Amino acid sequence: MLKARHPLAILFVCIVALVASILAFNALFQIALIALVCVALVAFNRTSPLVLGALMLPFALFGFGFLTTSVFFRQESDFAVKMAGEALLQSSGFSAGLVLFFRAIACGMVSAFFALTTDPGAFVRALMVSAKLPPRIGYSLFAAMQLVPDLAAEAQQMRIAHAMKAGRPPRRIPGPVQVFRLVIPLLAYAVRRAGRTAIALEARGLSPKGPRTVLNAPRFRRGDGVFVIIGLAAIGLCGVTLL
Amino acid sequence: MTSEPQQPDPALVAQWREVSVHYPFTTTSAVGSVDLSINRGERVLLLGPSGSGKSTLLLTLTGLVPESIPAKVDGEILLFGERVAARKPWAWAARVAQYFQDADQTLTGMRVEDEIAFALENRAIPPAVIAEKVARAMRRVGLPDAWRKRRSSTLSGGEKQLVALAATLVQEAEFFIADEPTAHLAPEAAHRLHALLTHGDPERSILIVDHRLEGLIEFIDRLIVLGRDGTIVAEGHPRIVFRERRDLLMAQGIWCPVASALDGRLEEADIAPPTAPLSIAEALAHLEPGVASPSQIAQARPAVQAFVEAYAPRVAAPSRQSPMLTQLIEADCAPSLGPVVLRHVNLSIWEGEILGILGANGAGKSTLGLCLSGLLPLKAGKRKGAPAGYAFQRPENQFTAGTVQEELLTALPDDMPAALKSNRVAEMLARWELASLESRHPFELSQGQKRRLALAALTVSDRWPLLVLDEPTAGLDAWGVARLIEQIESLHDTGRAIAVITHDLDFASRLCPRSIVVGEGGILADGPTQDLMDDAALLRRAGLVESAHRQAVRWLRRSAPC
């Protein structure tokens, strides 16, 4: 259901949610925002709560860093303390850290909402059609998205080759020396691949100027307007916690 | 005295007039000087050894060389009577469709229908018309409708190749250019692709570079052969060139149809067909029992026998009494971070054996090879025996050093004395014909040289009693493959066991006494390679096509004296 929405409508609501999360230094607001996004994804996008939990893990670790910094190194955390002082009036380092912790998760949840509900191809096409993104940049983005999994596969092959040379099975996680040794060959691969893709795009007629049509360009529908209104209202409702 | 400017000929779609191409920082020309023209509706095959400039010549046609790939181009190139340089390369896309060797190079990771629509979108064709043309192209190539919304990055290699073909055919261009379109395809997929390329609009001109000639050559009007120096060394109808210039083509290391070798043998026996054959069936049609007299058949049999024997492995199969080297027992194999692709695999390799691992694209051959070598952990089951050295499909993935010499030095044990190391490296450089390249960076070498360096690095020490070679013939010309077979045989002579992953059945037939066929998530068959080649149902099931020389084997059986 959410996947049918216009990517730019989703982007707009997500940006508003992110801005609200950054401006409202209130733990309850962050928790309400997390719950709102979580319910929306589970109910309307059939996202597994387990997947959401796994996706939030790095954000939780990041937020935990804020929390510990705020609690144990309060003197050094001037900005957070100052912000806490302005918003919560006389709050402790712990509560300020808690807000920062939930904010990290809220921002992560909103980002996950965008990633899980938006087809990258439809998003780039929407940007080209509605936001005048130059097609050369749009299709470069497509090619870059294609390159990421291929780079990972190349890196894996190189790691296996290096392990073979060293006479041991490949390590689960590469060490810093191995990562450094992978950089140059991977860079060479990426440059060669990017050059070839650019040539192929040009050979298929991608020009820097002139009109072009876009098949399956996302169109704004009434449902997108309704989605934006409901989204903004829900974010506003989270704001009730500020009162 | 000045020469008069030549007028463009409307019957020609493309012309190269005294064209030569020099890449920066090179002393010799990549192409040329070349004088060449392509007629309207003509199907032209461009052949040449590795490094003869075939791809460069194709890229000059729409100005990608020198416009996007820096090079100095002398002479004049005309497309549809107009100077190529008069337009930007992208402006030719409406009239010239280009199909590249590597599908990943053509596709950008969009959904399948968007990939196919891309060229038409660039021409600002209305979306409704595009949708209709996309549906037609998908039907023509045989892409299921369910693929429309699939991201091209989730397709297998062969599937991507078909999508790339649909994306090029949809342009409905007057001139179609294809650069080694079947290089990475299993035989069945390659045959299908050839049929799509050659069965279509008779007005469309085609210029194709490909070394897989079976199933293609019959539809070619003219053959153009580039020599090692990038100049044209032969030109004409394939029947004439392959018969009259056979020795030249073989000397240049250029791929010829299998029938050409049989034709040579029959000529020596003075019983060649009157018209030069392009297939084994044509070569033997005049010798079928009932058509030819018994004396003619008797005259031909030694020649056909000798031809067939050239496809038999020179290496004998080891006896099952030999010590077992490596064994997989009830193994489940999966690529790194991927799902299980092969289940309940039972496979043994004996000392001194050359084993073929055959299968279509995406069957799981490479995953099996990595599990066999001990470099990928099994998801279930057991692996017993010595570890193996693995030569990757892309030899670049194996290189870690800055020079060829260093690559070999770092492959030797650390505790080996320095003097011994340098002697051993010098010996290997000479043996693998890399002596003059010792200070070059491995990435600068040609494909054949990279392949040799990868094998040299694996065999410089005695660490690996078993070697797994993944698609070792990819990117090699006929000379390169012949040399590779000799080198693999010499490795075998040192007592090593070798597993060769390939979908080139001719290659497997000449090298491997025993093969396994991988498909449908497991091992479909295990036995003598020649027996597997006779099993048409098995080959069909595995997405393979029988080696062309098998028709000659059947002729020998049919014509055997009672």
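Source: prediction; values computed, not measured.

Things to note about the overall build of chain B
Working step 1: A tally of helices and strands in chain B yields 21 helices and 19 strands.
Working step 2: Over its C-alpha atoms chain B spans a radius of gyration of 25 Å, differing by no more than 12% from the 24 Å that the globule rule assigns to 562 residues.
Working step 3: Expressed along its principal axes, the backbone C-alpha trace of chain B runs to roughly 75 × 65 × 55 Å.
Working step 4: Long-range contacts, defined as pairs at least 24 residues apart, comprise 67% of the intrachain contacts of chain B with a sequence gap of at least 6.
Working step 5: Summing over all exposed atoms, chain B offers an accessible surface of approximately 22200 Å²; the carbon and sulfur share of this is 52%.
Working step 6: Positive and negative side-chain charges of chain B, numbering 58 and 68 respectively, have mean locations separated by a distance of 4 Å.

Description of the confidence of the model for chain A
Working step 1: Taken residue by residue, chain A gives an average pLDDT of 86. The fraction at 70 or more is 92%.
Working step 2: When pLDDT is averaged over each helix and strand of chain A, the minimum, 53, is found for helix α4 (residues 78-88) of chain A and the maximum, 95, for helix α1 (residues 7-23) of chain A.

Topic: a nonpolar patch on the surface
Working step 1: Taken together, the side chains of A:I15, A:V19, A:I22 and A:L23 make up a nonpolar region of the molecular surface, amounting to roughly 390 Å² of accessible area.
Working step 2: Note on placement: A:V19 falls in helix α1.

Structural notes on the packing of helix α12 (residues 294-309) of chain B against helix α21 (residues 550-558) of chain B
Residues and elements named next belong to chain B.
Working step 1: One can describe the packing of α12 onto α21 by two numbers: an axis separation of 10 Å at closest approach and a directional angle of 145°. Of the two elements, α12 crosses α21, and the hand of that crossing is left-handed. Residues I297, A300, R301, V304, Q305, F307 and V308 of α12 touch α21, and the partners they reach there are A552, V553, W555 and L556.
Working step 2: Looking at side-chain class alone, the contact of α12 with α21 contains nine nonpolar, one polar and one charged residues.

A closer look at the domain arrangement of chain A
Working step 1: Domain assignment breaks chain A into domain 1 (2-122 + 219-242) and domain 2 (135-203).
Working step 2: Put simply, the middle of domain 1 of chain A and the middle of domain 2 of chain A, counted by C-alpha atoms, are 33 Å apart.

Overview of the sheet that holds strand β11 (residues 324-333) of chain B
Through backbone hydrogen bonds, the strands of a sheet pair up, either in parallel or in antiparallel fashion.
Residues and elements named next belong to chain B.
Working step 1: If you walk across this open sheet you meet the three strands as β12-β11-β14, and the pairing is antiparallel. The sheet is open, and its two borders are formed by β12 (342-350) and β14 (380-385), each paired with just one other strand. For this sheet, the mean angle separating the axes of adjacent strands, direction not counted, is 5°.
Working step 2: Note that β11 and β12 share six bridges and pair antiparallel. Residue pairing in the sheet places T326 in a bridge with I349 of β12.
Working step 3: In the packing of helix α13 (residues 365-372) onto the sheet, contacts are made with β11, β12 and β14, and the angle to β11 comes to roughly 125°.

Quick look at the packing of aromatic side chains
Working step 1: Taken as a whole and judged by the stated rule, the model has seven aromatic pairs over all chains.
Working step 2: Between A:F101 and A:F102, the ring centres sit 5.3 Å apart and the planes meet at 65°, which makes this aromatic pair edge-to-face. Pair check on accessibility: A:F101 and A:F102 agree, each one buried.
Working step 3: Through a chain of ring-to-ring contacts, the aromatic side chains of A:Y139, A:F142 and B:F118 assemble into a single cluster.

Regarding the domain arrangement of chain B
All names here are of chain B.
Working step 1: For chain B, the assigned domains read domain 1 (12-251), domain 2 (258-311) and domain 3 (324-552).
Working step 2: In this structure, domain 1 and domain 2 have C-alpha centres spaced 34 Å apart.
Working step 3: Listed as interface residues are eight residues of domain 1 and, on the opposing side, 15 residues of domain 2.
Working step 4: Carbon and sulfur atoms make up 46% of the area that domain 1 and domain 2 hide from each other, which totals about 1000 Å².
Working step 5: It is R239, R243 and R246 that lose the most area in domain 1 upon contact with domain 2, and together they represent 65% of the buried surface on that side.
Working step 6: The tally of links between domain 1 and domain 2 comes to five salt bridges.
Working step 7: A salt bridge links E282 to R239; its shortest N-O distance comes to 2.6 Å.
Working step 8: For the interface between domain 1 and domain 2, the tally reads eleven residue pairs in polar contact (both at pLDDT 80 or more).
Working step 9: Here the element with the most residues in the side of domain 1 that touches domain 2 is helix α8 (residues 238-244); it accounts for four residues.
Working step 10: Here the residues of the side of domain 1 that touches domain 2 are counted per class, giving three nonpolar, no polar and five charged.

Concerning the environment of A:P185
All names here are of chain A.
Working step 1: Position of P185 among the secondary structure elements: in helix α8 (residues 176-203).
Working step 2: A residue is classified by how much of its surface remains accessible, and P185, at 11% relative accessible area, is buried.
Working step 3: Through-space distance from the C-alpha of P185 to that of A155 is 8.8 Å; in sequence the pair is 30 residues apart.

Here is what the cut-offs are and how they apply
Residues numbered from 1 in each chain as written. Chains lettered and ligands numbered in written order. Predicted model: local features only at pLDDT ≥ 70, side-chain atom pairs only at ≥ 80, totals over all residues. Heavy atoms only, no water. Helix = DSSP H or I, 4+ residues; strand = E, 2+ residues; numbered from the N terminus. Rg over C-alpha atoms; globule rule 2.2 N^0.38 Å. Contact = heavy atoms within 4.5 Å. Areas by Shrake-Rupley, 256 points an atom, 1.4 Å probe, with all protein chains shown as cover. Lys, Arg positive; Asp, Glu negative; His and termini not counted. Charge placed at Lys NZ, Arg CZ, Asp CG, Glu CD. pLDDT = per-residue confidence, 0-100. Patch = residues over 30% accessible without salt bridge, like charges linked within 9 Å, V, L, I, M, F, W, Y side chains within 5 Å. Salt bridge = Lys/Arg side-chain N within 4 Å of Asp/Glu carboxyl O. Axes fitted to C-alpha atoms, helices over the stretch in contact; angles between N-to-C directions. Left-handed = near helix turned anticlockwise from the far one by under 90°. Nonpolar A, V, L, I, M, F, W, Y, C, P; charged D, E, K, R; others polar. Domains from an automatic or database assignment. Pairing = 2+ DSSP bridges. Phe/Tyr/Trp six-rings, centres within 6.5 Å; stacked < 30°, edge-to-face > 60°. Buried < 20%, exposed > 50% of the residue type's maximum accessible area, 1.4 Å probe, protein only. Buried area = accessible area lost by both parts, 1.4 Å probe. Polar contact = N/O pair within 3.5 Å; in protein donor to acceptor, adjacent residues only side chain to side chain.

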